[in-house]
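# Structural overview
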Amino acid sequence: MNLTLVPILAVLVSLVAVPLILLSARKPNLREFWTIAAAVVKFGLVLTLIPTALEGESIRYVLWEIAPDLPLALNADPLGIFFAVIASGLWLLTSFYSIGYMRGHGEVKQTRYFASFAICLSSTIGVAFSANLLTFILFYEMLTIATYPLVIHSETDKAIAAGRKYLTYTLTAGLLLIAAAGITYSLAGTLTFQAGGLIPEGVMDQSTAIILFLLFLGGVGVKAGLIPIHSWLPSAMAAPTPVSALLHAVAVVKSGVFGVIRVVGFVFGPSMMMDFGLDQILIVAAGATIILASLLAFKQDNLKLRLAYSTVGHLSYIVLGAALLTPIGFTGSILHISAHATMKITLFFCAGAIAVNLHKKNISQLDGIASVMPWTMAAFTIGSLGLAGFPPVNGFVSKWYLAYGSLQGDMLIPVLVLVFSGLLNVGYFFPIIKRAYFHEGGSELDNHSEASPFMVVPLTITAVASIIFGIAPNLFLHLFDMASTAATSLF
Amino acid sequence: MTDFLLGHYAYWFTILVLAVGLYGILVKRNLVKKTIGLSIFQAGIILFFVAISTKWNASVPIKVKGSHVSEAANFMNPLPQTLMLTAIVVGVATIGVALTLLIAIYKRYETLDEEELLEKFQ
Amino acid sequence: MIVSDLPVLIPLTFLVSALVVTLFGFWKERWGYPLAVLGTLLAVCLSLYGFFQVMDGSMMRYEVGGWAPPVGIEFVYDTLSAFIVLVINSVALIALIHSRVVGKTEFPGKRGGYYAVAMLLMFGFNGMVITGDLFNLYVFLEISSLSSYALIAIGDKKAPFAAFRYLLIGTVGGSLYLLGIGFLYVVTGTLNIIDMSAMLPQVIDNSAVIGGLILMVLGIGIKAALFPLHGWLPDSYTHASSTSSALIAPIGTKVAAYVVLRIMLYLFGDQLVDIGLPVTSIVGALAALGILYGSIMAMAQSELKKMLAYSSVSQIGYVIMGISLSNPFGFIGAVLHILNHALMKGTLFLVAGNLREREGHTNILKFDESYRKKYPWTMAAFTTAALSMVGIPPMAGFFSKWYLALGTIQNSNWLLLAVILISSLLNAVYFFRVLEKVYMRSSASESTSDTERQEVVPSMLWTTTIAAAALIIVGLFNASIVAVIQHMIPAGL
């Protein structure tokens, strides 16, 4: 089978769905059918690429030259395919969940919601498959714009303020990225991603390298939620829960950390990172973010906000893994993209289910809800155990490789950071579980039962998937092999 | 120094005319006076061009029978003068448009005083 | 043969149209519109044909009246002038087609005169772009300026005063340019651009040459609204009729910027322009200040048209900055931005025209969600143009900024790079302020008339959406445009 066109089709399929979704605005069932159909097709297309990734090969497809020597080009390499599999797989589940959530909540403007959602997914797959920095920026900015209507979906003052904050942060980041790309282009004469680095040796000195790296870090670090440029992420939790789930656990933030991996592995390259001591900058930033975010998570009573700070922390696990500059570290980092995605999406799904079903948003109100929503709370428990790093959930596997990778690089501090952060994770998730299972619930719970199957089924699936990939990381999707293929290609 | 000043008297006069024109445009409150200033400013530039075409002891540039290229020094430079014919036409058109606008302004506000106009805009 | 006559045929089309429109338009007012559109369409076809003749970097020189240059006047139709002519004529065509209904409502009874003057305006602009003679350029400059004063005066109650102020400043600008020509003529004895540029290296030390350069840049700078000479622009664009501002705003300042480009990079060339004074650095700094000033002032406006006008001040800064960088990337960025900004500002002013026609105002503070429901396509066009102005890829606006950024990087001018980036953010602020209102603010009245579609008539709707769609197309396929622009880069740059 000829796979040349698969990457571009995978990007386009959800874009094609947009006009269909808009046209069937008055027929909700048909509209939702288009969303689901696009998600299924997209996931199927991405799945066909897995064998290519396992062989360590990539599929390149040049659309046309968008500027002389700068083509708009897609390149499905193992890393990109890995990210695309995660993103499109979870979109499918989120689509089902969204239908349940939006209808259960009686949300307005659902057409705009589903249309923006589809554009977001196209952009995310585009980010995953970008062959060069210019294409990457193009999809990255498209993602920024398409997410904006989702962030301000509820149109309350709070949501609009959050939307402004989101735009300010991400557009600034986009500009820094453009500046960085411009400097890179003038130094290297190309912007095509190259495993091991695209900037040739000896074209820049120490200070240029640091400035360029900081520009890049500003560009991708905002979406990756590095402290102190993370603060749009908690604010953006004003969005509906499925948006938080997919975009702030999978698409947007993961595009950010994916960008970090691209910059570290494909723009600078591990050896140049090492030569200029750039890895130290990254390790300090990531380590500090992990600890600070975990501490901040303690303070939050709003469930989604606590999850948001947890996300900020866990994103930096991925950044930390990339900063270790060892093959094992990269493997752990890439694996954590998938592990955190499945676990965090489970938790957000649960938070959404609780909000729709019981109208509870704060942790202090969650007393005894495990008795009415047993499935949801079971999934929540699995997700939080995984994030804290307990086996057999997949969080354990990725964390193991992160720790292993830092030992391989003879670094002890990252290991300590990981252990300490694991303890903090236990600290901020345990009270939620304790309240849900062991506290006596109020009388208002009497008339409630489990949430709608549209929501419970997806969250159960993601929870079960977290465990399956924890026990057998290579099952079905060959996630582990893909991650290690992608990681070794850099060295 | 005196030679410099006297030798360039045509240019000093041009600068003076330009300054008078600019003064009218910038300082006068009445819009008609501003227009007159504009006209003076343009006249200054026309004077400058005429001045650069002038030579001592040279005649008007009309070709007579039997004259030769080598005698060009005996004639003034005709080109700047022809340019100024065009510039004068442009100037007339400009003043025409300006006066038309002033009529339109006066019909609407019944004043041509800039301060009063700005007050009426408030 | 028609091909060799093209340089003169294109401006002449407009001159003939102006006469025809005058004759028929005063006789039967409603004839003005179709005749003007027809004339412009013809000019667009000619310029498209001509563009394909010279897009490979070749050049056509036409001797007007058979007098050989440098004595006679010469028209120079090279890739750059062909490109600019095509851009301004196409945008003018869109604006003129759009003007049918606005003309009927905003200046009934005066349409014959209006279209005649519009044709004269385009005659002036085309002549300025194509001519190869400095004095001839002045004449065309005044033709276009006089027409634009008249067009701006057709507007709301304050329009004549705004036009009069523009006339005062504009005429002083034109006169300064003329004085500059005089200085150069005294030294070189020629007015032909190509001839003069060959002579300048020998006389570049003469202070009159430097004085002439400064006067010319100053004079044209006024027409281009280069900061701080932009004072006339905001009021003129705001108070003019929607169709006048849609016609003048996208192309007027661009043509002046093109003249700056010709003077600085062709007549003098990047080697000579900086000999007496660091002209490029000064102009670049002014452009940067203008970019920031225009953006900041735009944020403070509550009137959409005034916001767009200040935004023009800022955008013309990009073009001038690209010229002042005097390197190939900056040149590409500047020329590309002339095209992009013409399309973007055209679209935005057409949207303003649509709103004025339907709502009777363009006060941003009164915008709310009902606008999106009533005018979905108009608002979609606005959104596209706004995203392009902010510089979101793959819209056209991104790419000119990209080349300008590359140009600043090549000169290691980090300050200008920062200005480009910061102004993109400021653009985002003032455009999202509008978008937020249009898409988010729930409307005050709940009546059903506010939610029904009341889109403008097809002639307005289609022109608006085509202009907006062009932004995406130009953005996606700008590589082929840049390939043509590379032929225009003057030798030695």
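Here, every reference points to the structure presented above.
Now for a quick tour of the structure. Treat the numbers as computed from the prediction; the structure is a model and nothing was measured.

### Focus on the overall build of chain A
Broken down by element type, chain A carries 19 helices and two strands. For 491 residues, the compact-globule estimate of 2.2 N^0.38 gives 23 Å, and the C-alpha radius of gyration of chain A, at 21 Å, lies within 12% of that figure. Considered along the principal axes of its C-alpha atoms, chain A spans approximately 70 × 55 × 45 Å. In chain A, the proportion of contacts linking residues at least 24 apart, taken out of those at least 6 apart, comes to 81%.

### A few points about the overall build of chain B
The helix and strand tally for chain B stands at five helices and zero strands. In chain B, the succession of helices and strands from N to C terminus is α-α-α-α-α. For 122 residues, the compact-globule formula gives about 14 Å, and the C-alpha radius of gyration of chain B, at 20 Å, lies well above that figure. Expressed along its principal axes, the backbone C-alpha trace of chain B runs to roughly 70 × 40 × 15 Å. Among the 122 residues that make up chain B, the fraction classed as buried is 23%. Partitioning the contacts of chain B with sequence separation of at least 6, the portion at a separation of at least 24 is 52%.

### Concerning the interface of chain A and chain C
Listed by partner, the interface residues are 22 residues for chain A and 23 residues for chain C. Of all elements in the fold, only β1 (59-67), α6 (133-151) and α7 (157-188) of chain A reach the threshold of two or more residues within the side of chain A that touches chain C. Top contributing element to the side of chain A that touches chain C by residue count: α7 of chain A, with 11 residues.

### Re the interface of chain B and chain C
Frequently, the measure chosen for interface size is the accessible area that the parts lose on association. Residue-level contacts link 25 residues of chain B with 22 residues of chain C. The set of elements that each furnish at least two residues to the side of chain B that touches chain C consists of α3 (31-53), α4 (78-109) and α5 (114-121) of chain B. Top contributing element to the side of chain B that touches chain C by residue count: α4 of chain B, with 13 residues. Looking at side-chain class alone, the side of chain B that touches chain C contains 20 nonpolar, three polar and two charged residues.

### Concerning the packing of helix α5 (residues 134-153) of chain C against helix α6 (residues 159-188) of chain C
Residues and elements named next belong to chain C. It is at 9 Å that the axes of α5 and α6 come closest, and there the two elements cross at 175 degrees. Here α5 lies roughly antiparallel to α6, going by the angle between them. On the side of α5, the interface is formed by L134, F135, Y138, L141, E142, S145, Y149, I152 and A153, while α6 contributes A159, P160, A162, A163, Y166, L167, G170, G174, Y177, L178 and I181.

### Looking at helix α15 (residues 374-388) of chain A
Residues and elements named next belong to chain A. The end-to-end C-alpha distance of α15, which contains 15 residues, comes to 21 Å, matching closely the 21 Å that a straight helix rising 1.5 Å per residue would cover. With respect to burial, α15 is a largely interior element, 12 of its 15 residues being buried. Those residues of α15 that sit buried are T376, M377, A379, F380, T381, I382, G383, S384, L385, G386, L387 and A388. Its buried side turned inward, α15 meets α13 (303-323), α14 (327-358), α16 (394-408), α17 (413-438) and α18 (453-471). Taken from the residues just after α15, G389 is the one with a positive phi, measuring 95 degrees.

### Considering the nonpolar core
One finds F82, A87 and V319 of chain A together with A118, M119, V260 and I320 of chain C to be the most contacted residues of the largest nonpolar core, which totals 416 residues. Ranked by the residues each element gives to this core, the list is headed by α6 of chain C, at 18 residues. Apart from residues lying up to four places away in sequence, V260 of chain C is in contact with V217, I220, A224, I320 and I323 of chain C.

### Let's talk about the environment of A379 of chain A
All names here are of chain A. Position of A379 relative to the elements: it lies in helix α15. You can call A379 buried: it has 26 C-beta atoms within 10 Å. On a C-alpha basis, the gap between A379 and I461 in space is 9.0 Å, while along the polypeptide they are 82 residues apart. Every residue in contact with A379, bar those within four places of it in the chain, is listed here: T346, C350, L459, T460 and A463.

### Some thoughts on the pairing of strand β2 (residues 70-76) of chain A
All names here are of chain A. Among the seven residues that make up β2, six are buried, leaving the element largely enclosed by the rest of the structure. Both β1 and β2 contribute to a ladder of seven bridges, which runs antiparallel. Paired with Y61 across the bridge in β2 is L74.

### Concerning the environment of I8 of chain A
Among the structural elements, I8 of chain A can be located in helix α1 (residues 6-23). In this structure, the C-alpha to C-alpha distance between I8 of chain A and F193 of chain A, residues 185 residues apart in sequence, is 18 Å.

### What to know about the environment of P458 of chain C
All names here are of chain C. Relative to the assigned elements, P458 resides in helix α18 (residues 458-476). For P458, a count of 9 C-beta atoms within 10 Å gives the class exposed. A C-alpha to C-alpha distance of 9.0 Å links P458 and H98, two positions 360 residues apart in sequence.

Definitions and limits used
Residues numbered from 1 in each chain as written. Chains lettered and ligands numbered in written order. Predicted model: local features only at pLDDT ≥ 70, side-chain atom pairs only at ≥ 80, totals over all residues. Helix = DSSP H or I, 4+ residues; strand = E, 2+ residues; numbered from the N terminus. Rg over C-alpha atoms; globule rule 2.2 N^0.38 Å. Contact = placed C-beta atoms within 7 Å. Buried ≥ 20, exposed ≤ 12 C-beta atoms within 10 Å, placed from the backbone. Nonpolar A, V, L, I, M, F, W, Y, C, P; charged D, E, K, R; others polar. Axes fitted to C-alpha atoms, helices over the stretch in contact; angles between N-to-C directions. Parallel < 35°, antiparallel > 145°, perpendicular 65-115°, else oblique. Expected span 1.5 Å × (residues − 1). Core = buried A, V, L, I, M, F, W, Y, C linked by C-beta atoms within 7 Å. Pairing = 2+ DSSP bridges.

Fair warning: the whole summary comes from geometry, so function is off the table for now.
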